[in-house]
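The chain contents come next:
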Amino acid sequence: MFKHLLRNILVFSFILIASFNFMPSAMALGGIQPSLNESAPDFTLPTNLGDGEISLHDYRGKWVVLYFYPQDFTPGCTLEAKRFQQDLPKYHDLNAEIIGVSVDDVNSHQSFCNEEGLKFPLLADTEGKVSKAYGSWLSGRSLRHTYIINPEGILVAKFLGVRPAIHSQEVLSELNKLNN
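Predicted, not measured: the structure shown is a model, and the values here were computed from it.

Calculation notes
Residues numbered from 1 in each chain as written. Predicted model: local features only at pLDDT ≥ 70, side-chain atom pairs only at ≥ 80, totals over all residues. Heavy atoms only, no water. Helix = DSSP H or I, 4+ residues; strand = E, 2+ residues; numbered from the N terminus. Buried < 20%, exposed > 50% of the residue type's maximum accessible area, 1.4 Å probe, protein only. Phe/Tyr/Trp six-rings, centres within 6.5 Å; stacked < 30°, edge-to-face > 60°. Salt bridge = Lys/Arg side-chain N within 4 Å of Asp/Glu carboxyl O.

Draft legend 1. Structural detail: the environment of Q86. Tracing the chain through its elements places Q86 in helix 2 (residues 75-86). Judged by its relative accessible area of 56%, Q86 is exposed. The spacing of Q86 and L118 is 32 residues in sequence and 9.1 Å in space, taken between C-alpha atoms.

Draft legend 2. A look at the packing of aromatic side chains. Scanning the model with the defined rule gives 10 aromatic pairs in all. Their ring planes at 55 degrees and their centres at 6.0 Å tell us that F84 and Y91 sit as a pair that is tilted. Accessibility expressed as a relative area gives 0% for Y91, which makes it buried. Taken together, the ring pairs connect Y67, Y69, F73, F84, Y91, F112 and F120 into an aromatic cluster.

Draft legend 3. View of the pattern of salt bridges. A complete count under the given rule lists six salt bridges for this structure. With its nearest N and O atoms 3.8 Å apart, the salt bridge here joins K90 to D87. Residue class for K90 comes out partly exposed when judged on its relative accessible area of 43%. By relative accessible area, D87 is classed as buried at 3%. With its nearest N and O atoms 3.3 Å apart, the salt bridge here joins R163 to E170. Residue class for E170 comes out partly exposed when judged on its relative accessible area of 27%.

Keep in mind these numbers describe shape, not what the thing actually does.
Encoded structure:
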């Protein structure tokens, strides 16, 4: 009886706290989110394209759509990547580049890009350091979060709780607003 009462009190307490949203606004599933209108956390990670490594600062002067995803070859991640690829010319028209990040290694990324016809870089965050810096890390995987970084390296938008089927269109819409 006492165990059930204690359990019910704990459950009620969690529901009450959640309903008042006492969680700090910078906290989301995956960790502490970087602040908007501040410099985006810089990084250098191995990639399947080019010289083997990409740094965020390599993209100064361009908009960057930095998207985190759980794993190559899974249905949601494949759909999201294919939609970004489909819209890649529209991003380039806006002076924007797409960069994907997951815990998969460079060889997995290469296979994924080859199989799906992806022409943008995928970065191998095998230790999760960059995912953690962006508050996009949970249980050994990157979460499906996206960040827009302006040409000066400032984080200006973020998308949490992404829906792969429509996400690229949401990001393009936001980029259009930010460019006007």
